[in-house]
Structures are given as structure tokens and as C-alpha cells.
Amino acid sequence: MEPAPIGIFDSGYGGLTVLKEIKAVLPQYDYLYLGDNARAPYGTRSFDTVYAYTLESVKWFFNHGCQLVVLACNTASAKALRSIQQKDLEQLGKEKRVLGVIRPTAETIGALSETGHIGVMGTSGTVQSGSYVIEIKKYFPAVKVNQEACPIWVPLVETNENKSPGADYFIIQHIENLLEKDPKIDTILLACTHYPLLMDKIRQFTPGHIRIVSQGNTVAQSLKNYLLRHPEMDGNCSKNGGLQFFTTGDVVDFENHGTSFFGEQIKAQKTSIFQ
Ligand code: DGL
């Protein structure tokens, strides 16, 4: 088997905030990024649809030689990962692996809270799936988790309104909703890979004693650990420090938007994953 890049997937741009952190922690590896911009957002779509789209994307990575794929999207991790791991990998190649962002985040978030009250903000899909509540309870049974769906936050980011005064209303509204559900919350998890681009405003409108956690670095550390624990998979990953970006949407849009998510200029290629 030829060593190949690690696949990083998101419905669109959000996963670039995760890739940025992964690349900082593991700069020696090659990465292939795929944003399914033509079909984004995923956050408002049904289980079946997110599963079907994510599975097609995973097959795309495998067709490009990747052995290891990270779903750097909470919605895809919540709605598709388990079925892909438990059902599809059997046919697609038992030696291949698909990892998500929920478990590594859930494993660590509980230890950050002193009150034992955590707030989770995500897309409607992630919140409705209940995945974070279930996973955090597994590692921290005594922790109380309240969630808030913020369906307008991804569009705010994607339309470049994340720094505009108009965004304030929607940021404040969801933070207030969450804290009304549980005033003892001292830790808020941004459970959507788009939300780091709203960090300045979220910080501005959240009481100072509350810690705000985005997941990129946690996911990166967890991937590093995974590769240390699985030398056979590590050997399947090529290491030339290369980066390639693909989008199912418009290349110019992807390069323009993607650059602010990734923090440096990117060059993208158009691809099709529809079958
Ligand atoms: N960035 C994705 C996530 O982490 C959501 C974006 C979308 O709705 O497509 O859930």
C-alpha cells in the first residue's frame, strides 16, 4: 500500500479551522482537504441526507488513496460517523479508518469545568442528535450538559457578516438562551467548526468568568495520539508536509473564504463527488 495524505473533510470551510490546528501539531504529514460546499450547509439537513453525503465524501477520499480520514465537521460526525465506522468500513476496506471530532472533544471538555455545568453550542443537526450529551456523560457522568442550536451562526460566517454589528443580535440571543437554561455554566463548547470565526464576538458577549472552548487543538492532539498508538496507520500516511484543497463548489469563493478560515492563502481545485 502506497503511503497517502490524511483526508480532512467538512461540509464546507469550517474544517479548515481544524486543519490549521492539525497542521500546527503534525506539520510533517500530507493532507487532502475536501469541502462539500456545493451541498453545504449540512447543519439543517436530515440524518439520512448527511449520512449519504458524508459517505460519498469518504469514498472520494478512499478513491484518492487516503487510508485515514478525519470528519472535521460536527454535523457529519454526529449523524454519519457511527454508521460509516460500524457498517460501511467493512465493505470499503477494514484497514481504513474514519475519525470524528465529537469523541476527542467529549473526552476532555468535562475536566475544564469547575461547576460541572457545560454549555454546548452547535448546528441544529448536532444539537438534535444529542451526541455531545451522550458522549460527555460517558466520560463525565456527573457533568450537566445544556445545548443551544444556533442555526444562523454558520450563515453569518459564510456571508462574511461575522464581524458586522448586525451579527451582535444573533450572538447575544443564543448566549442568553443558553445561560438561561443553566446559569451555572462555566464552560461553553463551540461544537461547530465554523464558530471560531465568531470567537471575538462570542467572547465579547459572554460573561468573563465563562471559559469558551473551540475544538481544533483538542482534535489535533487526539490525532497525534492516535498515530502514536497506531504505527501501522502512521506508516500508511505520507509525510512531505503537503497540502491540497478540493471543493465541490466554486473555486474562487473557496479560496477567498477559505483563506480567512485557514489563516493563510490557499489554492483550491474543483472536484465532483456525486455518484
Ligand atoms: N462546520 C460544520 C460543523 O462543524 C457545520 C456547517 C454546516 O452546517 O454545514 O458542524
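Above this note sits the structure.
Residues numbered from 1 in each chain as written. Predicted model: local features only at pLDDT ≥ 70, side-chain atom pairs only at ≥ 80, totals over all residues. Heavy atoms only, no water.

1. A look at the overall build of the protein
Item 1. Tallying secondary structure elements over the protein gives 13 helices and 10 strands in all.
Item 2. Computed over the C-alpha atoms, the radius of gyration of the protein is 18 Å, within 12% of the 19 Å expected from 2.2 N^0.38 for a compact globule of 275 residues.
Item 3. Each of the three principal axes of the protein carries a C-alpha extent, and together these read 55 × 40 × 35 Å.
Item 4. In the protein, which comprises 275 residues, the proportion classed as buried is 58%. (Helix = DSSP H or I, 4+ residues; strand = E, 2+ residues; numbered from the N terminus. Rg over C-alpha atoms; globule rule 2.2 N^0.38 Å. Buried < 20%, exposed > 50% of the residue type's maximum accessible area, 1.4 Å probe, protein only.)

2. Here we look at the site of the ligand
Item 1. Around the ligand sit 13 residues in total, of which S11, Y42, G43, T75 and T193 are the nearest.
Item 2. Here an oxygen atom of the ligand sits 2.6 Å away from a polar atom, N or O, in the side chain of S11.
Item 3. At 2.8 Å, a backbone N or O of G43 approaches an oxygen atom of the ligand.
Item 4. Calculation on the ligand without its partners gives an accessible area of 300 Å², and the protein chains cover 99% of this total.
Item 5. Here the residues of the shell around the ligand are counted per class, giving 5 nonpolar, 7 polar and 1 charged. (Near = heavy atom within 4 Å. Polar contact = N/O pair within 3.5 Å; in protein donor to acceptor, adjacent residues only side chain to side chain. Areas by Shrake-Rupley, 256 points an atom, 1.4 Å probe, with all protein chains shown as cover. Nonpolar A, V, L, I, M, F, W, Y, C, P; charged D, E, K, R; others polar.)

3. What about the packing of helix 1 (residues 15-25) against helix 13 (residues 251-262)?
Item 1. With their axes 8 Å apart at the nearest point, helix 1 and helix 13 run at an angle of 50° to one another. For the element pair helix 1 / helix 13, the angle class is oblique. Crossing handedness for the pair helix 1 and helix 13: right-handed. Contacts between helix 1 and helix 13 involve L16, T17, L19, K20 and K23 from the first element and F254, G258, F261 and F262 from the second.
Item 2. Looking at the contact of helix 1 with helix 13, its residues break down into 5 nonpolar, 2 polar and 2 charged. (Axes fitted to C-alpha atoms, helices over the stretch in contact; angles between N-to-C directions. Parallel < 35°, antiparallel > 145°, perpendicular 65-115°, else oblique. Left-handed = near helix turned anticlockwise from the far one by under 90°. Contact = heavy atoms within 4.5 Å.)

4. Structural notes on helix 7 (residues 131-139)
Item 1. Every buried residue belonging to helix 7 is among S131, Y132, E135 and I136, and all of these are buried. Projection of helix 7 onto a plane perpendicular to its axis shows the buried side chains occupying an angular sector of 110°, all on one side. (Arc of directions from axis to C-beta.)

5. Topic: the environment of N146
Item 1. As for its placement among the helices and strands, N146 is situated in strand 6 (residues 144-149).
Item 2. Taking the C-alpha atoms as reference points, N146 and I118, 28 residues apart in sequence, are found 6.4 Å from one another.
Item 3. Excluding anything up to four places from it in sequence, N146 contacts I118, G119, V120, L178, K181, D182 and I185.

6. What to know about the pattern of salt bridges
Once the charged atoms of two side chains with opposite charge are near each other, the side chains can pair.
Item 1. Tallied over the full model, the rule gives 13 salt bridges.
Item 2. When the shortest N-O distance is used, the salt bridge between E95 and K96 registers 3.4 Å.
Item 3. Looking at E95, the relative accessible area reads 38%, which means it is partly exposed.
Item 4. Look at K96 and you get buried, because its relative accessible area is 13%.
Item 5. A salt bridge links D234 to K239, with the shortest nitrogen-to-oxygen separation between them at 3.5 Å.
Item 6. We classify K239 as partly exposed; its relative accessible area is 38%.
Item 7. Linked by salt bridges that have partners in common, D36, R39 and E56 make up one network. (Salt bridge = Lys/Arg side-chain N within 4 Å of Asp/Glu carboxyl O.)

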